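Chain and residue survey
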Amino acid sequence: MRLLSLGRPATALATGLVTALAAVLAAPLVPGPTRAQAAASYNYTEALQKSIYFYEAQQSGRKPAWSRVEWRGDRTLNDGKPAGVDLSGGWYDAGDHVKFGFPMAFTTTMLAWGLVENRSGYGTQLTPMLNNLKWATDYLIAAHPEPETLYVQVGDGSVDHAYWGPPEVIDIKGMSRPVYKITPTCKGTDVVAETAAAMAASSMAFRQSDPSYADTLLTHARQLFTFADTTKGTNGQDTAYTSCVPGISGYYNSTWEGGSDHPGATKMYWDELAWAAVWLYRATGTGSYLDKAREFYPKMGSEPDAGQGAGGTTVPAYTFGLGWNDKEYGVYALMATLTGEQKYIDDVQRYLDYWTTGYKGKKGTITPGGLAYVFNWASLRMALNTAWVALVYADHLGTGDPLYARYHDFAKRQVDYALGDNPRHSSYMVGFGTNPPTHVHHRAASGQYLGYMSDTTGPNLHVLYGALAGGPDAADAYTDSRTDYVRNEVAIDYNSGITNVLARFAKEYGGTPLADFPAPERKYDEITAGVDNVYTGVDGTSLAVTITNTSNWPPRVLQSGKARYYFTLDGSTSASQVKVTGGDSSGCAVTGPVLARDRTYYAEVDCTGKPIYPGDAQLYRRSTQLRISVPNGATWDPANDWSASAASHVPVYDGNTLVWGTPPEGTVSPSPSPSPSLSVSPSASPPPVDTTPPSAPTGLRVCGADFTNAVPMCWTASTDDTGVTGYDVYMRQGTGFSKIGSSTTPLYVAERLVAGTSYTFYVVARDAAGNSSQPSATLTATAQHGLSSPSPSPSPSPSPSPSPSPSPGGGCRVTYGTSDWGGGFTATVTIANTGTTAVDGWTLRFAFPGTQKISPPGWSATWTQNGANVAAVNLDWNKTIAPGQSVQVGFNGTYSGSNPKPTAFTLNGTTCS
């Protein structure tokens with residue numbers, strides 16, 4: 001039925017009528033408990049529990065007491081401060097640390113929708129769900145400080161994506177975190193309307209538990225809708241936020257998504273306006289909002305009807321799906337269920353039929369394994385969003401309707417596919433089911449601490465429970481690769497649809513959440529000290545003390561790091577005869593001797609004011625020279641020195657707080673396991689049982705590009721019968737080689753070199769008994785200048801780094817596709833290795849046949865153009881293309897007239913098919 005507008009209530013009676021009507025509209029559109037159509041395939045409640053947890057891992061700002069993520073701490077607390085607003089909260093978008101307001105608001109609307117339709121389905125997970133939803137709405141409130149001001153982005157995508165490390169150290173690094181806002185003079189109809197929808201839907205989600213907060217949200221929703229409506233343009237794109245927010249087109253381009261290949265993808269802001277209006281109508285019962293929804297509805301987007309070509313009959317769009325930029329598919333369902341009018345019913349059923357049994361003989365692409373393949377980028381998120389609309393509409397119809405089973409069972413098929421019922425027999429949800437992803441593209445979860453993607457092969461250090469990977473291709477193929485951000489990244493909007501679907505099926509099929517979730521992770525020693533280059537003589541001891549911070553539970557900054565080296569006075573030697581000297585160029589000082597107890601003293605390396613933190617290859621450790629000397633004739637015997645007897649006997653303090661190691665006083669730090677750092681004991685002798693040396697290190701190579709006056713090196717780890725304890729790195733000096741440092745992992749950064757100068761290195765492995773391997777092959781490399789500026793990408797991606805000289809190419813195939821928007825285009829280029837040997841470093845070349853010009857900088861390669869000739873050179877992380885594998889690169893470009901595709905490509909000089 002059509003509800004009459006009650007207008008603005010002027011009396012208590014009118015207020016009561018509005019409240020009662022809103023309560024009716026807020027009620028779930030489910031007619032009652034539905035009968036099961038099939039047995040439960042999975043523990044949907046456990047999957048729901050984990051899907052909600054994922055949002056806690058995405059939190060920005062000060063960590064709340066209810067967070068269950070032990071590897072997250074306070075982060076990016078300074079967001080918004082330069083603009084005088086606190087934008088520290090909210091969610092990071094994906095595997096990066098930018099806060100994009102448009103997809104964040106859509107995610108909020110979706111999660112609220114799930115609560116509105118199916119509150120009882122959350123069971124014991126209702127409180128975590130409400131906590132996480134409020135985390136988002138609190139941020140959106142902060143981002144809307146005035147009726148006509150909305151902050152819609154925090155962070156610069158190009159700067160952020162060049163950094164691969166934890167967000168906990170972004171503030172100390174001083175990373176640029178600009179903020180962008182929409183105002184009446186810098187318009188963004190789409191993002192403002194979506195935020196209005198998020199506030200309205202969330203007001204309904206909180207109405208029962210916190211009515212005062214619900215009223216606050218509704219006030220913001222009304223203001224934002226008025227702001228969007230009164231500043232809108234005329235053609236659906238002229239006041240889109242892409243014209244106001246610099247750089248957003250490479251990430252969340254609301255006027256492009258889907259390109260010309262997907263006519264059902266809405267590229268205008270009318271759908272956001274209709275979406276916001278219908279949510280405000282549902283939240284308030286005010287008929288004028290329904291009138292607005294009717295006004296915007298026919299403008300949302302259309303495409304040729306099935307069997308019609310250009311110029312033929314058009315119908316509302318139906319061949320794409322609900323997503324961060326495409327709300328019309330959700331509007332169809334809401335208008336149909338709220339009004340019962342046939343035209344809206346036709347539209348939602350056309351969309352759902354297209355993805356289930358087909359519409360007029362035309363059916364959406366379904367993979368061989370049964371996934372509705374709506375879009376190639378993150379295929380699962382679109383399928384699960386469509387599944388959610390199907391469930392909402394099926395429940396509105398009721399179990400007795402002939403269409404109920406069609407839509408209900410389609411939704412169940414999609415969620416079951418995601419949880420493991422697919423040709424790979426593998427889950428796509430991290431930490432759930434069989435063979436789930438362990439390498440999803442996520443900086444913080446990877447646990448890497450050098451500031452760049454130093455490891456592309458090992459599993460993520462942290463289990464990002466509940467995160468839904470992007471998904472497979474149209475042939476159900478998928479590789480769990482950290483470098484594949486198209487199919488293996490995670491994002492807040494990816495999880496929104498599946499969260500709603502899981503709650504709905506948890507109600508229908510039951511299930512049990514895990515007790516004591518999540519289990520504590522196994523940790524390593526996070527902050528340690530080690531000594532190296534030990535020299536001991538009758539006049540004292542010289543060594544280098546290195547404080548290392550690879551903290552991950554959570555990552556944290558060592559602001560006042562100190563390490564103490566303990567020694568015992570021998571014979572008649574007095575403290576007044578001992579002299580402590582040293583220090584380093586970065587500012588760490590040495591002091592001492594200081595009495596510990598009896599005749600035991602310590603020399604202290606003090607790095608106070610010189611932060612040590614993970615996420616920066618040159619600042620996660622500091623090495624300081626230390627010399628403890630006595631005059632000739634004094635007795636000096638290091639055999640009984642506390643710090644010479646074990647690695648953990650060089651304790652580390654943060655100020656006066658012990659954080660690692662054991663001082664001779666007997667206080668043991670809360671370290672979970674022995675330190676991996678090296679300590680050399682002058683008196684130790686190798687165990688007689690081990691005489692077998694480790695294998696020689698192999699694969700010595702440069703890994704990384706963002707270093708200054710340094711050469712970063714990686715190699716393949718050695719093996720040993722009792723275990724490798726460390727590696728020594730040697731550099732050519734004059735006619736021979738000298739040891740320059742050590743490492744406990746197959747990674748070392750040779751520092752304090754001269755940029756542009758070549759150096760030669762090799763590496764030797766050691767075991768616990770002191771056996772040394774044969775040296776590795778030598779590496780000659782040029783000390784780096786550092787990156788002058790980061791290179792952006794259209795999606796979260798690792799920082800670029802230089803590639804070695806390309807290897808000869810074998811067989812290759814290049815696929816070149818474009819999405820045009822009239823004078824501009826996005827090109828996606830896929831390079832496949834069809835040969836039998838790996839391509840190790842590559843340069844792709846082709847010529848434009850028209851007037852095309854690349855708009856720098858492109859992504860996933862270093863792009864250059866000289867006239868019509870174009871070259872793309874690999875980045876470090878995608879330099880190797882194994883036989884049968886491919887890499888995908890791309891760029892944005894401009895043209896005039898036509899946009900013909902290049903016809904010939906070469907890879908390392910070899911012509912590709």
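As the structure is a prediction and not an experimental result, all values here were calculated from the model. Per chain, the residues get numbers from 1 upward, laid out in the order the sequence is written. Residues qualify for local features only when their pLDDT is at least 70, as the model is predicted, and side-chain atom pairs are given and counted only at 80 or more; totals for whole chains, interfaces and linings, by contrast, use all residues. Heavy atoms throughout the structure, all of them, feed into the side-chain values; hydrogens and water do not.

1. A short note on the overall build of the protein chain
Within the protein chain one finds 16 helices and 32 strands. For each residue, the accessible area found with a 1.4 Å probe, counting protein chains only, is set against the maximum for its type, and the residue is called buried under 20%, exposed over 50%, and partly exposed in between. Classification of the 913 residues of the protein chain by burial places 59% in the buried group. In this description, contact between two residues means that some pair of their heavy atoms is separated by no more than 4.5 Å. The long-range share in the protein chain, meaning contacts at least 24 apart out of those at least 6 apart in sequence, stands at 72%. Of the accessible surface of the protein chain, which amounts to about 33,000 Å², a share of 52% is contributed by carbon and sulfur atoms. Strands here are runs of E lasting at least two residues and helices are runs of H or I lasting at least four, both read from the DSSP assignment and numbered beginning at the N terminus. What sets the accessible areas is the Shrake-Rupley method with a 1.4 Å probe; for residues, cover comes only from the shown protein chains.

2. Notes on the confidence of the model for the protein chain
Caution applies to low-pLDDT parts of the model: their predicted coordinates are not meant to be read in detail. Mean pLDDT for the protein chain: 87, with 89% of residues reaching 70 or above. Counted against residues more than four places away or in other chains, residues 1-36, with its pLDDT under 50, gives 56 contacts. Each residue carries a pLDDT score, the predictor's confidence in it, ranging from 0 to 100.

3. Here's the deal with the pairing of strand β28 (residues 869-873)
In this sheet, β28 lies alongside strand β25 (residues 843-847) in antiparallel orientation, the contact comprising five bridges. When the bridges of β28 are listed, A847 appears paired with N869. Where strand β27 (residues 862-866) and β28 come together, five bridges link them in antiparallel fashion. In the sheet register, W863 faces β28, and the bridge partner there is A872. Whether two strands pair comes down to DSSP finding at least two bridges between them. Connecting the antiparallel pair β27 and β28 is a turn made up of two residues, with G867 showing a positive phi of about 65 degrees.

4. Examining helix α11 (residues 328-339)
Helix span, as expected, comes to 1.5 Å for every residue beyond the first. Its 12 residues place the ends of α11 16 Å apart at the C-alpha level, agreeing with the 16 Å of an ideal helix rising 1.5 Å per residue. Counting buried positions along α11 yields 12 of 12 residues, so the element is predominantly enclosed. The set of residues buried in α11 consists of E328, Y329, G330, V331, Y332, A333, L334, M335, A336, T337, L338 and T339.

5. Observations concerning the pairing of strand β6 (residues 527-537)
Here β6 pairs with strand β7 (residues 540-549) via nine bridges, running antiparallel. Counterpart to Y535 in the pairing with β7 is S542. Where β6 folds back on β7, the antiparallel hairpin that results is connected by two residues.

6. A word on the sheet that holds β7
With respect to topology, four strands assemble into an open sheet ordered β6-β7-β12-β9, the strand pairing being antiparallel. Only two strands of the sheet have a single partner each, and these edge strands are β6 and β9 (579-583). Put simply, the sheet's adjacent strands are angled 20 degrees from each other on average, direction ignored. With axes taken as lines fitted to C-alpha atoms, and helix axes fitted only over the stretch in contact, angles between N-to-C directions fall between 0 and 180 degrees.

7. What about the environment of Y762?
Within the secondary structure, Y762 sits in strand β20 (residues 758-767). Separated by 17 residues in sequence, Y762 and L779 place their C-alpha atoms 6.4 Å apart. What Y762 contacts, discounting residues up to four positions off in sequence, is L700, D728, V729, Y730, F737, P775, S776, A777 and T778.

8. Focus: the pattern of salt bridges
Note on pairing: side chains with opposite charge can pair once their charged atoms come close. In the sections that follow, a salt bridge refers to a side-chain nitrogen of Lys or Arg positioned within 4 Å of a carboxyl oxygen of Asp or Glu. All chains considered together, the criterion is met by 33 salt bridges. Among the salt bridges present, the one from E70 reaches K523, with a minimum N-O distance of 2.9 Å. One end of the pair, E70, is in the loop between α2 (44-57) and β1 (99-100); the other, K523, is in the loop between α16 (494-509) and β6, and 453 residues separate them in sequence. Residue class for E70 comes out partly exposed when judged on its relative accessible area of 26%. Residue class for K523 comes out partly exposed when judged on its relative accessible area of 27%. In this structure, the salt-bridge partner of K99 is D79, at a minimum N-O distance of 2.8 Å. Residue K99 is located in strand β1, and its partner D79 is located in the loop between α2 and β1; the two are separated by 20 residues in the primary sequence.

9. As for the nonpolar core
If you look at the biggest cluster of nonpolar residues, it comprises 160 residues, and the most contacted ones within it are W279 and L464. Discounting chain neighbours no more than four positions away, the residues touching W279 are T109, W113, A197, A200, A201, M204 and L334. Among buried residues, those of type Ala, Val, Leu, Ile, Met, Phe, Trp, Tyr and Cys that are joined through side-chain atoms within 4.5 Å constitute a nonpolar core. Counting 29 residues, the second largest nonpolar core, distinct from the first, contains L543, Y601, I612 and V652.

10. Focus: unusual backbone geometry
The amide bond that connects F517 to the next residue, P518, takes the cis arrangement and shows omega of -5 degrees. Looking at the secondary structure, you find P518 in the loop between α16 and β6. In this structure, P593 follows G592 across a cis peptide bond, with omega equal to 0 degrees. In this fold, P593 is placed in strand β10 (residues 589-597). Unusually for a residue other than glycine, T76 sits at a positive phi of about 45 degrees. Here T76 is to be found in the loop between α2 and β1. The phi dihedral of A378 is positive, around 55 degrees, even though this residue is not glycine. Relative to the assigned elements, A378 resides in the loop between α12 (342-354) and α13 (379-397).

11. Notes on the state of the cysteines
Any covalent bond linking the sulfur atoms of two cysteines counts as a disulfide. For the purposes of this analysis, a disulfide is any pair of cysteine sulfur atoms at a distance within 2.5 Å. For the structure shown, the criterion picks out three disulfides. The disulfide bridge from C186 ends at C244, spanning 1.6 Å between sulfur atoms. Here C186 and C244 share a disulfide; its torsion about the S-S bond, 105 degrees, makes the bridge right-handed. Of the two residues, C186 is situated in the loop between β3 (179-182) and α7 (189-206) and C244 in the loop between α8 (211-230) and α9 (270-284); the sequence distance between them amounts to 58 residues. For C186, a relative accessible area of 22% gives the class partly exposed.

12. Overview of the sheet that holds strand β15 (residues 698-702)
With antiparallel pairing, the three strands of this open sheet are ordered in space as β15-β16-β19. Two strands lie at the open edges of the sheet, namely β15 and β19 (747-750), each paired on one side alone. Averaged over all adjacent pairs, the angle separating strand axes in this sheet is 20 degrees, with direction ignored. Relative to strand β16 (residues 711-716), β15 runs antiparallel, the two sharing three bridges. For R701, the partnering residue across the bridge sits in β16 and is C714.

13. Things to note about the packing of aromatic side chains
Aromatic rings from Phe, Tyr and Trp, taking only the six-membered ring of Trp, are treated as a pair when their centres fall within 6.5 Å; an angle between ring planes under 30 degrees marks them as stacked, one over 60 as edge-to-face, and anything in between as tilted. Under the definition given, this model contains 49 aromatic pairs. Ring centres of W113 and W279 lie 5.9 Å apart, and the angle between their planes is 80 degrees; on these two criteria the pair is classed as edge-to-face. Here W279 lies in helix α9 and W113 lies in helix α3 (residues 101-118), a separation of 166 residues in the sequence. Here the two residues W113 and W279 agree in accessibility, since each one is buried. For the ring pair Y816 and F846, a centre distance of 6.0 Å and an interplane angle of 70 degrees mean the geometry is edge-to-face. Residue Y816 is found in strand β22 (residues 812-820), and its partner F846 is found in strand β25; the two are separated by 30 residues along the sequence. Look at Y816 and you get buried, because its relative accessible area is 8%. Clustering of aromatic rings is evident, with ring pairs tying together F100, F102, Y241, Y251, Y252 and W324.

14. Some points on the environment of V154
Mapped onto the elements, V154 comes out in strand β2 (residues 150-154). Measuring from C-alpha to C-alpha, the distance between V154 and G80 comes to 7.5 Å, with 74 residues separating the pair along the chain. Apart from residues lying up to four places away in sequence, V154 is in contact with D79, L87, V98, K99, Y139, R177, P178 and V179.

15. What about the side chain of D271?
Here D271 lies in helix α9. Counting rule applied: Lys, Arg positive; Asp, Glu negative; His and chain ends not counted. For D271, which is buried and forms no salt bridge, the nearest opposite charge comes from K327, at a distance of 5.3 Å. When residues no more than four places from it in sequence are discounted, the contact partners of D271 are T266, M300, N325, D326, K327, E328 and V331.

16. What about the side chain of S203?
With respect to the helices and strands, S203 occurs in helix α7. Judged by relative accessible area, S203 falls into the buried class, the value being 1%. Leave out the neighbours within four places in its chain, and S203 touches A214, L217, L218 and A283.

17. Points about the packing of α11 against α13
Each pair of packed helices can be described by the angle between their axes along with the distance between the axes. It is at 10 Å that the axes of α11 and α13 come closest, and there the two elements cross at 10 degrees. Accordingly, the angle class assigned to the pair α11 and α13 is roughly parallel. For the pair formed by α11 and α13, the contact residues are Y329, A333, A336 and T337 on the first element and V389, Y393 and H396 on the second. Here the nonpolar group is Ala, Val, Leu, Ile, Met, Phe, Trp, Tyr, Cys and Pro; Asp, Glu, Lys and Arg are the charged ones; every other residue, Gly included, is treated as polar. Along the lines of polarity and charge, the residues of the contact of α11 with α13 split into five nonpolar, two polar and no charged. Convention used here: angles under 35 degrees read as roughly parallel, angles over 145 as roughly antiparallel, angles from 65 to 115 as roughly perpendicular, and any remaining angle as oblique.

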